[in-house]
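# Fold and geometry: a report
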Amino acid sequence: MNVLEIKNVTKRFGNLVAVRDVSLNVAKGELCAIIGPNGAGKTTFFNLISGFFPPTSGTIAFDGQDITRLATHQRVVRGMARTFQITEIFPELTVFENVRIAAEVASGYRLRPWVNRAEAAKVQQHVEDTLKLVALENKAGRLVGELSHGDQRAAEIAMALALKPHLLLLDEPTAGMGDQETYQITQLIRKLHRDSSYTIVLIEHDMRVVFNLADRVCVLDQGRMLAMGTPKEIAANEAVQAAYLGNAA
Amino acid sequence: MTEQSRKLIVLVAIWAALLFAPYWMAPLGGYTALATRVLVLGLAAMSLNFLLGFTGVLSFGHAAWFGLGAYGAGMSLKYLAASTPLAVICGILLGGLCGAILGALLVRRRGVYFAMVTIAFGQVFYYIAFQWSSVTGGDDGLRGFARAPIDLGVLKLDILSNAEVFYYFVLFCFALAVGAMGFILRSPFGRTMIAIRENERRSRFLGIPIERHIWIAFSLSCFFMGFAGALYALVNNFADPRGLHYSQSGDFVMMAVMGGMRSFWGPLLGAFIFVVLQDYLSSITVNWMSFVGLLFVLVVLFFPRGLLGFFQRSKA
């Protein structure tokens, strides 16, 4: 069964066509990587999926329901969570507090003036489990703004995970990271994919990460879907090589 | 000393200071009515800060809801019945409901645009109060009412002529409002307010409908503001159109920023400094505001987190 079904989606900004007639199905449990040169429309495509803005034409279905016109928070409630290219966190709150907000929203408590003991304990447990998953359990009391870049990324992923998503959208999870941090985040994503069988769509520039993790790779170029296939097929694809290396190749 | 016990001590100290204010303010050259004014304006600054400091939304027209609260209480006493509780309820409802209705039109604006529209709305109410003389008393303000003593059955509270009794009545109201604020801020809803302040985009992508939450926070803040305004009418036995003016809104923002808008009690400290300075300096010079303004500039330059924010940080 497909978690995500995107049909002929186009996004125009005035005369610029950022995403042109792109279709993509993502199966349950799949890890799909989106790659492409700068300005290929990857982030725009991500914004269309997560509801940052609606597409000019085309449809998006999530868990079998049309979500093309739904607002962001309605998509989140249906089980879609995302991270950003530039980490979006609550820097002046602790790691625990960051994740707790997500856990409380996911539990449907966001408008509640109070929670009883049992509910608070459940939220607490959920936060602790999530922090353990991303190996931040020992930094729960630290302010997120004071953590290393890699740990901030992990905290952002923890917030997304605390929403109990059916689909995890990761926008360049290793952006700006050194080798060691890249390795750790790659391990984390692999664990989420293999052990916890999350359905994941990610944008990535680091080809080692992509070919390491992805079940399937989609290549965007100038807003179009240039190629789609297993990492091996993509590595051998001449059109992709041309897009990346220029027409000289 | 743990963080928790330190907080408890601070809390006990604040309430003790408030509880005994009529006794320690007099020897220091103050008087009970001054303490009452500090409480009421402190409540107003804390209500504004509920929105400014904890949701991160700057309203520059909050005096409108304060003034409406005052007129609501005053008109209830003048035209409806000589009942203080009824007057307070009318003030809360008038300020809160008007704020909630107009707030619904505001929540899509952000930053300076939000502040500008709040000023505009505030001025609308100012001119209504200023022009509609037959009902509001116009430029002269609403006069001809007085707070009524409260009859509790076994005990009659003479809040009209006994300044101490009135202070404790206001302190009781203050405690109710501040308790409610603290309770909300510790709730899951309160945490979504702080989330919105910290990072709006992240909050949206955690599934929080930002506009709705800002609207609720704004409306709650208006109800608290109406409460403060109603008490202010009782303090003065008078409702002044200048209480709705944007310069009054500016005073509230000044109190909140001076005291420390990231701390819960900061605006009360700001209001204390503002009111005491005003009281002391205005008997010496008509230009008292220049001195308050100078102090404000110094605080913003050297203690950008406000006075209480500074103390909290140096302790930590």
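Rules used in this analysis
Residues numbered from 1 in each chain as written. Chains lettered and ligands numbered in written order. Predicted model: local features only at pLDDT ≥ 70, side-chain atom pairs only at ≥ 80, totals over all residues. Helix = DSSP H or I, 4+ residues; strand = E, 2+ residues; numbered from the N terminus. Rg over C-alpha atoms; globule rule 2.2 N^0.38 Å. Buried ≥ 20, exposed ≤ 12 C-beta atoms within 10 Å, placed from the backbone. Contact = placed C-beta atoms within 7 Å. Pairing = 2+ DSSP bridges. Axes fitted to C-alpha atoms, helices over the stretch in contact; angles between N-to-C directions. pLDDT = per-residue confidence, 0-100. Nonpolar A, V, L, I, M, F, W, Y, C, P; charged D, E, K, R; others polar. Expected span 1.5 Å × (residues − 1). Arc of directions from axis to C-beta. Parallel < 35°, antiparallel > 145°, perpendicular 65-115°, else oblique. Domains from an automatic or database assignment. Left-handed = near helix turned anticlockwise from the far one by under 90°.

### Section: the overall build of chain B
Looking only at helices and strands, chain B has 15 helices and two strands in total. For chain B, whose C-alpha radius of gyration is 19 Å, the value lies close to the compact-globule estimate of 20 Å for 316 residues. Viewed in the frame of its principal axes, chain B has a C-alpha envelope of about 50 × 45 × 45 Å. When the 316 residues of chain B are sorted by exposure, 48% land in the buried category. Partitioning the intrachain contacts of chain B with sequence separation of at least 6 by distance along the chain shows that 73% fall at a separation of at least 24.

### Observations regarding the overall build of chain A
On a plain count of helices and strands, chain A comes out with nine helices and 10 strands. Whereas a compact globule of 249 residues would reach a radius of gyration of roughly 18 Å, chain A reaches 18 Å, a difference of no more than 12%. C-alpha extents for chain A along the principal axes are approximately 60 × 40 × 35 Å. The 249 residues of chain A split such that 46% are buried. By sequence separation, contacts in chain A at least 24 residues apart represent 65% of the contacts at least 6 residues apart.

### Details of the sheet that holds strand E1 (residues 2-13) of chain A
All names here are of chain A. Taken in spatial order, the four strands line up as E2-E1-E4-E5 in an open sheet, and their pairing is antiparallel. A single partner strand is all that each edge strand has here, and the edge strands are strand E2 (16-27) and strand E5 (65-66). Relative to strand E4 (residues 57-62), E1 is paired through five bridges, and the arrangement is antiparallel. If you follow Glu5 over to E4, its bridge partner there is Ala61. Of the strands in this sheet, E1, E2 and E4 are in contact with helix H1 (residues 42-50), which crosses E2 at around 60°.

### Comments concerning the sheet that holds strand E8 (residues 199-203) of chain A
Residue and element names in this part refer to chain A. With mixed pairing, the six strands of this open sheet are ordered in space as E6-E7-E8-E3-E9-E10. Every other strand in the sheet has two partners, leaving strand E6 (80-82) and strand E10 (224-229) as the edge strands with one partner each. Each strand axis lies, on average, 20° off the axis of its neighbour in the sheet, ignoring direction.

### Points about the confidence of the model for chain B
Residues and elements named next belong to chain B. Summary statistics for chain B give a mean pLDDT of 91 and a share of 98% for residues scoring 70 or more. Confidence scores differ between elements of chain B, with helix H15 (residues 306-315) showing the lowest mean pLDDT of 71 and helix H11 (residues 210-236) the highest of 96. Reported confidence for the predicted complex is 0.88 by ipTM and 0.91 by pTM.

### A short note on unusual backbone geometry
Residues and elements named next belong to chain A. Despite not being glycine, Asn8 shows a phi value in the positive range, around 45°. As for its placement among the helices and strands, Asn8 is situated in strand E1. Of note, Gln222 is a non-glycine position whose phi angle comes to about 50°, a positive value. Summarising the element assignment, Gln222 is placed in the loop between strand E9 (216-221) and E10. The class of Gln222 is partly exposed, set by 15 C-beta atoms lying within 10 Å.

### Let's talk about the interface of chain B and chain A
Counting from both sides, the interface comprises 17 residues of chain B and, opposite them, 25 residues of chain A. The element best represented in the side of chain B that touches chain A is helix H9 (residues 188-198) of chain B, accounting for six residues. Looking at the side of chain B that touches chain A residue by residue, the class counts come to eight nonpolar, four polar and five charged.

### Some thoughts on helix H6 (residues 179-194) of chain A
All names here are of chain A. When the terminal C-alpha atoms of H6 are compared, their 22 Å separation across 16 residues agrees well with the 22 Å that a helix rising 1.5 Å per residue should span. Buried residues of H6: Ile185, Thr186, Ile189, Leu192 and His193, and no others. All buried residues of H6 fall inside an arc of 125° around its axis, so they share one side. Seen from the open side of H6, the exposed residues pointing more than 90 degrees away from its buried face are Gln180 and Arg194. Taken together, the buried residues of H6 touch strand E3 (31-35), helix H5 (149-162), E8 and helix H7 (207-213).

### Describing the pairing of E8(A)
All names here are of chain A. Here E8 lies mainly inside the structure; five of its five residues are buried. Burial along E8 is two-sided: the face carrying Thr199, Val201 and Ile203 and the face carrying Ile200 and Leu202 are both buried. The pairing of E3 with E8 spans four bridges and is classified as parallel. Bridge assignment links Cys32 to a residue of E8, and that residue is Val201.

### Details of the packing of helix H8 (residues 163-185) of chain B against H11(B)
All names here are of chain B. Across the interface, H8 lies against H11 with an axial gap of 11 Å and an inter-helix angle of 170°. In terms of axis orientation, H8 runs roughly antiparallel to H11. Here Val170, Cys173, Ala177, Met181 and Ile184 of H8 lie close against H11, whose contacting residues are Leu220, Phe224, Phe227 and Leu231. Residues that form the contact of H8 with H11 fall into these classes: nine nonpolar, no polar and no charged.

### Comments concerning the domain arrangement of chain A
All names here are of chain A. Along its sequence, chain A is carved into domain 1 (1-79 + 165-249) and domain 2 (90-164). Each partner contributes to the interface: domain 1 provides 10 residues, whereas domain 2 provides nine residues. In terms of residue count, H6 provides more of the side of domain 1 that touches domain 2 than any other element does, four residues in total. Class assignment for the residues of the side of domain 1 that touches domain 2 results in seven nonpolar, two polar and one charged.

### Considerations on H5(A)
All names here are of chain A. Between its terminal C-alpha atoms H5 stretches 20 Å, which fits the 20 Å expected from 14 residues at 1.5 Å a residue. All of the buried residues in H5 are Asp151, Arg153, Ala154, Ala155, Glu156, Ile157, Ala158, Met159, Ala160, Leu161 and Ala162. The elements touched by buried residues of H5 are E6, helix H3 (95-106), helix H4 (117-133), strand E7 (167-171) and H6. Looking one or two places after H5, you find Lys164, whose phi comes out positive at around 50°.

### Topic: the packing of H4(A) against H5(A)
Residue and element names in this part refer to chain A. Here H4 crosses H5 at 135°, and the two axes come no closer than 9 Å. The angle between H4 and H5 falls in the class oblique. Our pair here, H4 against H5, has a crossing hand that is right-handed. The segment H4 lies against H5, with His126, Val127, Thr130, Leu131 and Leu133 engaging Ala158, Leu161 and Ala162. Each residue belonging to the contact of H4 with H5 can be placed in one class, and the counts come to six nonpolar, two polar and no charged.

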